[in-house]
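# Fold and geometry: a report
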Amino acid sequence: MKAWQIGLVLAALVALAGVPWYGSDVLIQFGINALLMAVLAQGWNIIGGYTGYASFGNSVFYGLGSYGVAIAMVQWHLPFAVGMVFGVLLAVVFAVLLGIPVLRLKGHYFAIATLALAQVMTAIVSNVGLAGQNIGLVLPPLNNDPLFYELSLGLLTVATLTIWGLTRSRFGFGLIAIRENEEGAVVMGVNTTLYKVLAFALSGIFSALAGGIHAYWITFLDPASAFDISLNVKMIIMAVFGGPGTVLGPIVGAFTLSAVSEFLSSEVTRIAGLFFGVVIVVAVVLMPRGLADLFRRMRKMGWSYFSENIRAHRL
Amino acid sequence: MTPVLEVRNATRHFAGLVAVDDVSFTLAPGEILGLIGPNGAGKTTLISLISGTHDLSAGEIFFQGESINHLLAFRRARLGIGRTFQIMRPFPVMSVLDNVAVGALFGRGGGQPKLAVAREQARECLEFVGLGKIIDKRADELGGPDRKRLELAKALAMQPQVLLCDEVMAGLNHVEIDEVIDVIRKVRDLGISILVIEHVIKAIKSLSDRLLVLHHGEKIADGTPDAVLADPIVIEAYLGKKRA
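Residues numbered from 1 in each chain as written. Chains lettered and ligands numbered in written order. Predicted model: local features only at pLDDT ≥ 70, side-chain atom pairs only at ≥ 80, totals over all residues.

### With respect to the overall build of chain A
The test is simple: Counting from the N terminus, the helices are the DSSP runs of H or I reaching at least four residues and the strands are the DSSP runs of E reaching at least two. Only C-alpha atoms enter the radius of gyration, while the globule expectation follows 2.2 Å times N to the 0.38, with N the number of residues. Working definition of burial: number of other C-beta atoms within 10 Å of the residue's own, with buried at 20 or more, exposed at 12 or fewer, and partly exposed in between, all C-beta atoms being placed from the backbone. By the criterion used throughout, residues are in contact when their C-beta atoms, derived from the backbone, lie within 7 Å.
Helix and strand content of chain A: 16 helices and 2 strands. Over its C-alpha atoms chain A spans a radius of gyration of 20 Å, differing by no more than 12% from the 20 Å that the globule rule assigns to 315 residues. In terms of overall dimensions, chain A has a C-alpha envelope of 60 × 50 × 40 Å along the principal axes. A buried classification covers 49% of the 315 residues belonging to chain A. Across chain A, every contact between residues at least 6 apart in sequence was considered, and the portion connecting residues at least 24 apart equals 75%.

Encoded structure:
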């Protein structure tokens, strides 16, 4: 990274950190949502973007993080931080226990297997008394949006620094090698099973932390909303829109799409979903490799970048 | 001297098909052993059995006198067994340099944990195979001959003791073949033992110290190149029975 790029990122970080001082309440709330979505997109980026395993199970980590905080605070009357640790622990155990069998599957099969996990978790948690069954849990309210905002921003920063570290470490190179060619990676000495499970767990840790913050902020959760599969679809769309397998792409994707979605639902309330769908379809057709690739190549190619994509993908 | 690699009665079934049938051979330190045979003879399967990407149905494989049957593929790589693939497996969106750096980061003895050092080693390997000028290109931008060299560089960066080369010359022209032969000889001069699968008979004859011939999964000949290529059984396997 060049000096001006680091400067730009730092400036953006300072501007974001200052929002609670100069932004409206609405903006802060929008910010919390967008930041948490960005964390989820970054979490997915580790397993989906860098390792090449399109996980639909990350909403399970999110749900486990939410329930970790809720159970610790409501049932055991422990502080929020302990709940976060408990949620992370649940996510890691889940990632290891399920990752070992599920990560043996490749491509579509992996996606389908993880897709089922969220359904299973909803059913299980609905029957666990400790988790409030299908009624859910109500957390003690904490009316401090700036705090939640800064927490979310801090988490996003840590997630992004982790990914940046990945791109220049042996572990990260191993993950990329697995994505690019798993058999080629294994004969070069990459312990693919271990690396995939570690990537899954790391991805789960960030998703769980985001879930924990969200649960405490919203103060209510039930199985259907905690293990919502559409949340997983959202994080994939955002990561892919921004540029999977890049350090900043998923953040840009999450912010852009959160803003677009917010704008549409305030301007064209009832058919916002339709317009959002159109945005996604157009994005996939014109820039299938995400914003990161768009910025990189459009400087060289100009507008022909779009026609080139349409031709290359035979659309 | 203990052979670097010893294959004893290696057998592999795929359902009813016997791809490799009771094959035994040894590879001495610093030796170049050519492996030839008609299409479907089981050459690639044999290499996969050694590198561990396929499991043996029966038999045993020894590396420096120790059985490696129970070791997973990545462990065998870390032990010092490197391989190239006939259908090349580069990491397409990574740069040529980083492709090779993966070999240095993992590879023998678990590899080199520092990325900067690994990249430096990768650069040397790329110089060695003659790709020193295009290290910043993306791997999927390379043409056929350069991809073959890249496969070699990736395996070399692992600092292997045994190199298994699966058709590194296929699809190359005469000049390119001679260049690859030179590289393989240079690799041997580093003290690495090499098992090389090849279809270009002229090339393998000049390159190999010894030749091994597979036919329908069975070993039908093993000896010096001249003796093996004059063997009537080998000629029959390649050209069919002479009509009386």
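Let us keep going from here.
### Focus: the overall build of chain B
From N to C terminus, chain B includes 9 helices and 10 strands. In terms of principal-axis extent, the alpha carbons of chain B reach across some 65 × 40 × 35 Å. Expressed as a percentage of the 244 residues in chain B, the buried residues total 47%. Considering only contacts in chain B between residues 6 or more positions apart, those separated by 24 or more positions represent 68%.

### Let's talk about the interface of chain B and chain A
Rules: Gly counts as polar in this scheme, as do all residues outside two lists: the nonpolar Ala, Val, Leu, Ile, Met, Phe, Trp, Tyr, Cys and Pro, and the charged Asp, Glu, Lys and Arg.
Taken together, the 23 residues of chain B in the interface contact 18 residues of chain A. When residues of the side of chain B that touches chain A are traced back to their parent elements, those giving at least two are α2 (73-79) and α3 (96-105) of chain B. Considered class by class, the residues forming the side of chain B that touches chain A number 14 nonpolar, 5 polar and 4 charged.

### Here we look at unusual backbone geometry
Residues and elements named next belong to chain B. Within the chain, N9 stands out as a residue other than glycine whose phi angle is a positive 50°. Secondary-structure assignment places N9 in strand β1 (residues 5-14). A count of 13 C-beta atoms within 10 Å places N9 in the partly exposed class. Although it is not a glycine, E167 adopts a positive phi angle of roughly 50°. On the secondary structure map, E167 appears in the loop between β7 (162-166) and α6 (174-189). The class for E167 is buried, based on 21 C-beta atoms found within 10 Å.

### Comments concerning the pairing of strand β10 (residues 218-223) of chain B
Rule in force here: A pair of strands counts as paired when DSSP detects no fewer than two bridges linking them.
As judged from the 5 bridges shared by strand β9 (residues 210-215) of chain B and β10 of chain B, these two strands associate in the antiparallel manner. In the strand pairing of β10 of chain B, H215 of chain B is matched with E218 of chain B.

### Focus: the domain arrangement of chain B
All names here are of chain B. Keep this limit in mind: Domain limits in this description derive from either an automatic procedure or a database domain assignment.
Along its sequence, chain B is organised into domain 1 (5-80 + 161-239) and domain 2 (89-152). Computed from C-alpha atoms alone, the centre-to-centre distance between domain 1 and domain 2 is 24 Å. Classifying every residue of the side of domain 1 that touches domain 2 gives 5 nonpolar, 2 polar and 3 charged.

### Notes on the nonpolar core
Our working rule: When buried Ala, Val, Leu, Ile, Met, Phe, Trp, Tyr and Cys residues are joined through C-beta atoms within 7 Å, the set is termed a nonpolar core.
Counting 171 residues, the largest nonpolar core has V39 of chain A together with V100, A153 and V196 of chain B as its most contacted members. For this core, the leading source of residues is helix α10 (residues 192-218) of chain A, giving 15 residues. Shared between two domains, this core takes at least three residues from each, and those domains are domain 1 (5-80 + 161-239) and domain 2 (89-152) of chain B. Here V39 of chain A is in contact with S152, L155, L156, A159, F206 and A210 of chain A, once residues within four sequence places are set aside.

### Focus: the environment of S57 of chain B
Residues and elements named next belong to chain B. Among the secondary structure elements, S57 is positioned in the loop between α1 (43-51) and β4 (58-63). For the pair S57 and A10, spaced 47 residues apart in sequence, the C-alpha separation works out to 7.7 Å. Residue contacts for S57: discarding those within four places in its chain leaves T11, R12 and H13.

### Re the environment of K186 of chain B
Residue placement: K186 of chain B occurs in helix α6. C-alpha separation for the pair K186 of chain B and G109 of chain B, spaced 77 residues apart in sequence, amounts to 23 Å.

### Some points on the sheet that holds strand β3 (residues 32-36) of chain B
All names here are of chain B. Note the cut-off: Fitted lines through C-alpha atoms serve as axes, helices being fitted only where they are in contact, and the angles separating the N-to-C directions of these axes extend from 0 to 180 degrees.
Spatially, β6-β7-β8-β3-β9-β10 is the arrangement adopted by the 6 strands of the open sheet, whose pairing is mixed. Strands at the two margins of the open sheet, each flanked by one partner only, are β6 (81-83) and β10. Strand-to-strand twist of the sheet, defined as the mean angle between neighbouring strand axes without regard to direction, takes the value 15°.

### Let's talk about the packing of α3 of chain B against helix α4 (residues 115-129) of chain B
Residues and elements named next belong to chain B. Just so we agree on the cut-off: Oblique is the label for any angle not under 35 degrees, not over 145, and not in the 65 to 115 range, which are roughly parallel, roughly antiparallel and roughly perpendicular in turn. In this scheme, a crossing is called left-handed if the near helix is turned counterclockwise away from the far one by less than a right angle; it is called right-handed if the turn is clockwise.
One way to put it is that α3 packs onto α4 with a least axis distance of 8 Å and a crossing angle of 115°. Here α3 is positioned roughly perpendicular relative to α4, judged by the angle of their axes. Considering only the axes of α3 and α4, their crossing is right-handed. When α3 is examined against α4, the residues V96, L97, V100, A101, A104 and L105 are found in contact with a partner set consisting of A118, R119, Q121, A122, R123, C125 and L126. Grouping the constituent residues of the contact of α3 with α4 by class yields 10 nonpolar, 1 polar and 2 charged.

### Let's talk about the sheet that holds β1 of chain B
Strand pairing in a sheet is mediated by backbone hydrogen bonds. Such pairs are either parallel or antiparallel. Residue and element names in this part refer to chain B. The 4 strands lie next to each other as β2-β1-β4-β5, forming an open sheet whose pairing is antiparallel. Both outer strands of the open sheet, β2 (17-27) and β5 (66-67), are each paired with one neighbouring strand and no more. In terms of strand pairing, β1 meets β2 through 7 bridges, oriented antiparallel. Across the sheet, the residue bridging to A10 is V23, located in β2. Sitting on the sheet, α1 touches β1, β2 and β4, and the angle it makes with β1 is about 115°.

### Considering the confidence of the model for chain B
Residue and element names in this part refer to chain B. Under the convention used in this document: Confidence of the prediction at every residue is given by pLDDT, a number between 0 and 100.
Summarising the model, chain B shows a mean pLDDT of 90, and 98% of its residues fall at 70 or more. No element of chain B has a lower mean pLDDT than helix α9 (residues 232-239), which averages 84, and none a higher one than β4, which averages 95. Across the predicted assembly, pTM comes out at 0.90 and ipTM at 0.90.

### Section: the environment of L286 of chain A
All names here are of chain A. Among the secondary structure elements, L286 is positioned in helix α14 (residues 272-286). Using a count of 14 C-beta atoms within 10 Å as the deciding quantity, one classes L286 as partly exposed. Taking C-alpha positions, L286 is 6.2 Å from N309, a pair spaced 23 residues apart along the chain. The residues contacting L286, other than those within four sequence positions of it, are F306 and N309.

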